[in-house]
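# Working through the structure, step by step
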Amino acid sequence: QLVENTCYYLFGMDIPISINEYTQTENIEMLVQPDKVMITGADVAKLSVFNISGTVVSTVTNSPEIFIGNLNTGVYIIQIQTKSGLQTARKFIK
């Protein structure tokens, strides 16, 4: 369970993720469809999708959309990096 205003680390990587802190800076919205995830409200530099084991299963640069049609049903984490250097991560279920 996530605790508000707490910094978490994604799978041992030195990338702190804090959804509350990030959304104060930019209004990011995520739309999950059966074949893709779309990000709005930010100028996206890179999107990376991780499975629950921490393995990168998909990555795209300079696009607000990432294809997930080939992924199995389950829980995933999408890491969002903006061109201004901000980072956050969101959980989604496919």
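Residues numbered from 1 in each chain as written. Predicted model: local features only at pLDDT ≥ 70, side-chain atom pairs only at ≥ 80, totals over all residues. Heavy atoms only, no water.

## A word on the overall build of the chain
The helix and strand tally for the chain stands at one helix and nine strands. When each of the 94 residues of the chain is scored for burial, the buried share is 32%. At a minimum sequence separation of 6, the contacts of the chain that also span at least 24 residues come to 47%. (Helix = DSSP H or I, 4+ residues; strand = E, 2+ residues; numbered from the N terminus. Buried < 20%, exposed > 50% of the residue type's maximum accessible area, 1.4 Å probe, protein only. Contact = heavy atoms within 4.5 Å.)

## Details of the sheet that holds strand S8 (residues 75–82)
One open sheet accounts for four strands, arranged S6-S5-S8-S9; its pairing is antiparallel. Edge positions in the sheet fall to strand S6 (56–61) and strand S9 (87–93), since each has one partner strand and no second. Each strand axis lies, on average, 20° off the axis of its neighbour in the sheet, ignoring direction. Pairing analysis gives seven bridges linking strand S5 (residues 44–51) to S8, with the strands arranged antiparallel. Looking across to S8, one finds that Ser48 is bridged to Gln79. (Pairing = 2+ DSSP bridges. Axes fitted to C-alpha atoms, helices over the stretch in contact; angles between N-to-C directions.)

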